[in-house]
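Read off the chains here:
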Amino acid sequence: MKDLRIAEDIRDASTLPADIYRDPELYRQQVERVFARSWQLASWNDPTPERETAAPLTLLPRCLDEPLLVTHDASGTRHLLSNVCTHRGNMLVDTACTMRSIRCRYHGRRFGLDGRFAHMPEFEEARGFPSPTDDLPRVPSARLGPLLFAGIRPAQSFESWLGPLAERFAFVPWDRLKVDEERHYEVDAHWALYCDNYLEGFHIPFVHASLADGLDYGEYSTETFEWGSLQVGIGKEGEDLLDLPASHPDHGRNVAALYAFLFPSTMINVYGWGVSINAVQPLGPNRTRIVFLSLVSDASRRSRGVGADLHRVEMEDEAIVESVQRGVRSRLYHRGRFSPSREIGVHHFHRLLGRSMIDEER
Ligand code: FES
Ligand SMILES: [Fe+2]
């Protein structure tokens, strides 16, 4: 499809064409070219904390629907593996349990908890067997505190995905955090419309009266980096602020919230009370689930500041995003232009999304 190359200079650029949000064939391409090749939140509570355990996990249910297996071996090392037998494709583990090895119940193939092929009956005469292709495929994974990220064939390393956020978020006590609250929202809109809306503070004065009271719109800033962007919300006088250490790049600014976006669909928000995550998961061309997690580091500040009433902000965002979904179905709407001062994050996202959909080599 043409028109997916978005001009580098925002002053010349137009948005992605509306077909991106409404065409079922383009949606299928996004699942394979974007979601199967990126880092995704896979789990937020370790399903196998004990040694010699295995638990099934589906990466992006109803989107990738990829059956995976989290194991902890006898030495305590965690592995993320395919949950599909390398013989004829049977599913291996249905429920979390303790086990010394993984045994397929179809024809008895056995694997170690590290995924290595161990034994197969009736294969003595097979030539060139076993080979590495008989091991369970290993899936790239990485942790941020209790959050487990995984990618089927991620286009970059986890470190380059995080990029400058590693330094920006170094003050967050990731290893002390746990998920205190989990909510799932479903929106009647394409996943990228939800992301577009997240990526600008332009709509705050129009859509979020409560946020507009706390944030200094004039000082609100957006930075982009290779795989994402960061919006820095500056608090008005008297607002609850982040305690940033002297070494932090934003030390000295009145930061009330950091809103980080990682392509294609992970949002990490830092407030005075802790961290919230929005993991955006496509369910279809115009249906999206948002897994919304709160990780509280200071409960006494939970009801203060711009991160106090996230449910209300979410409802306001969902209403506008569903309204846009109805709008982009119009035969009379094709594409728009960007505000060079206020839509830097959206422009960067459209460039990344357009490029991922064209570049089949990635
Ligand atoms: S499918 Fe697993 S042993 Fe045959
Ligand atoms: Fe919003």
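Below you will find a few notes about this structure.

Definitions and limits used
Residues numbered from 1 in each chain as written. Chains lettered and ligands numbered in written order. Predicted model: local features only at pLDDT ≥ 70, side-chain atom pairs only at ≥ 80, totals over all residues. Heavy atoms only, no water. Helix = DSSP H or I, 4+ residues; strand = E, 2+ residues; numbered from the N terminus. Rg over C-alpha atoms; globule rule 2.2 N^0.38 Å. Buried < 20%, exposed > 50% of the residue type's maximum accessible area, 1.4 Å probe, protein only. Contact = heavy atoms within 4.5 Å. Areas by Shrake-Rupley, 256 points an atom, 1.4 Å probe, with all protein chains shown as cover. Lys, Arg positive; Asp, Glu negative; His and termini not counted. Charge placed at Lys NZ, Arg CZ, Asp CG, Glu CD. Donors = N, O, S within 2.8 Å, 3.2 Å for Na, K, Ca; no water. Tetrahedral: all angles 85-135°; square planar, octahedral: opposite > 155°, others 65-115°. Axes fitted to C-alpha atoms, helices over the stretch in contact; angles between N-to-C directions. Parallel < 35°, antiparallel > 145°, perpendicular 65-115°, else oblique. Left-handed = near helix turned anticlockwise from the far one by under 90°. Nonpolar A, V, L, I, M, F, W, Y, C, P; charged D, E, K, R; others polar. Pairing = 2+ DSSP bridges.

### Brief notes about the overall build of the protein
And then number 1: Regarding its fold elements, the protein presents 8 helices and 17 strands.
And then number 2: For the protein, the C-alpha radius of gyration of 22 Å lies close to 21 Å, the compact-globule estimate for 362 residues.
And then number 3: For the C-alpha atoms alone, the extent of the protein along its principal axes is close to 75 × 50 × 30 Å.
And then number 4: A buried classification covers 52% of the 362 residues belonging to the protein.
And then number 5: Considering only intrachain contacts with a sequence separation of at least 6, the fraction spanning at least 24 residues in the protein is 63%.
And then number 6: Within the structure as shown, the protein displays about 16600 Å² of accessible surface, and the carbon and sulfur contribution to it stands at 47%.
And then number 7: On the protein, the mean spot of the 42 positive side-chain charges and the mean spot of the 52 negative ones are 4 Å from each other.

### As for the coordination of the iron ion (ligand 2)
And then number 1: For the iron ion (ligand 2), the protein coordination sphere consists of His203 (NE2), His208 (NE2), Asp317 (OD) and Asp317 (OD), at 2.0 to 2.7 Å.
And then number 2: Classification of the site at the iron ion (ligand 2) rests on its 4 donor atoms, whose angles at the metal span 53 to 150 degrees, yielding the label irregular.

### Comments concerning the packing of helix H4 (residues 191-198) against helix H7 (residues 310-328)
Angle between the axes and distance between the axes are the two parameters that describe a pair of packed helices.
And then number 1: Running from amino to carboxyl end, H4 crosses H7 at an angle of 125 degrees, the nearest separation of the two axes being 9 Å. Considering the angle they form, H4 stands oblique to H7. Where H4 crosses over H7, the handedness of that crossing is right-handed. The segment H4 lies against H7, with Leu193, Tyr194 and Asn197 engaging Glu314, Asp317, Ile320, Val321, Val324, Gln325 and Val328.
And then number 2: Grouping the amino acids of the contact of H4 with H7 by side-chain chemistry returns 6 nonpolar, 2 polar and 2 charged.

### A closer look at the sheet that holds strand S2 (residues 53-59)
Sheet strands associate in pairs through backbone hydrogen bonding, adopting either a parallel or an antiparallel arrangement.
And then number 1: Spatially, 4 strands are ordered S4-S3-S2-S5 in an open sheet, and the strand pairing comes out antiparallel. In this open sheet, the two edge strands, each paired with only one partner strand, are strand S4 (78-82) and strand S5 (97-98).
And then number 2: For strand S3 (residues 66-72) and S4, the ladder comprises 5 bridges, and the chain directions are antiparallel. Each residue of the ladder has a partner; that of Val70, found in S4, is Leu80.

### Topic: the sheet that holds strand S8 (residues 117-119)
And then number 1: Spatial strand order, S6-S7-S8: 3 strands in an open sheet with antiparallel pairing. With partners counted over all chains shown, the strands left at the sheet margins are strand S6 (102-103) and S8, one partner each.
And then number 2: Inspection of the sheet shows strand S7 (residues 110-111) paired to S8 by 2 bridges, in the antiparallel sense. In the sheet register, Phe111 faces S8, and the bridge partner there is Phe117.

### Details of the side chain of Ser265
And then number 1: Looking at the element boundaries, Ser265 is found in the loop between strand S14 (255-262) and strand S15 (266-271).
And then number 2: Given the relative accessible area of 1%, Ser265 is considered buried.
And then number 3: Aside from chain neighbours lying at most four places away, what touches Ser265 is Phe35, Gln40, Cys195, Asn278, Ala279 and Val280.

### What to know about unusual backbone geometry
And then number 1: Look at the link from Phe129 to Pro130: it is a cis peptide, with omega at -5 degrees.
And then number 2: Across the junction of Phe263 and Pro264, the peptide omega takes the value 5 degrees, indicating a cis bond.
And then number 3: Among the structural elements, Pro264 can be located in the loop between S14 and S15.
And then number 4: Of note in the backbone geometry, Glu52 takes a positive phi value of approximately 55 degrees without being a glycine.
And then number 5: Secondary-structure assignment places Glu52 in the loop between strand S1 (40-43) and S2.
And then number 6: Judged by its relative accessible area of 22%, Glu52 is partly exposed.

Without other data, these values stay purely geometric and don't point to any function.
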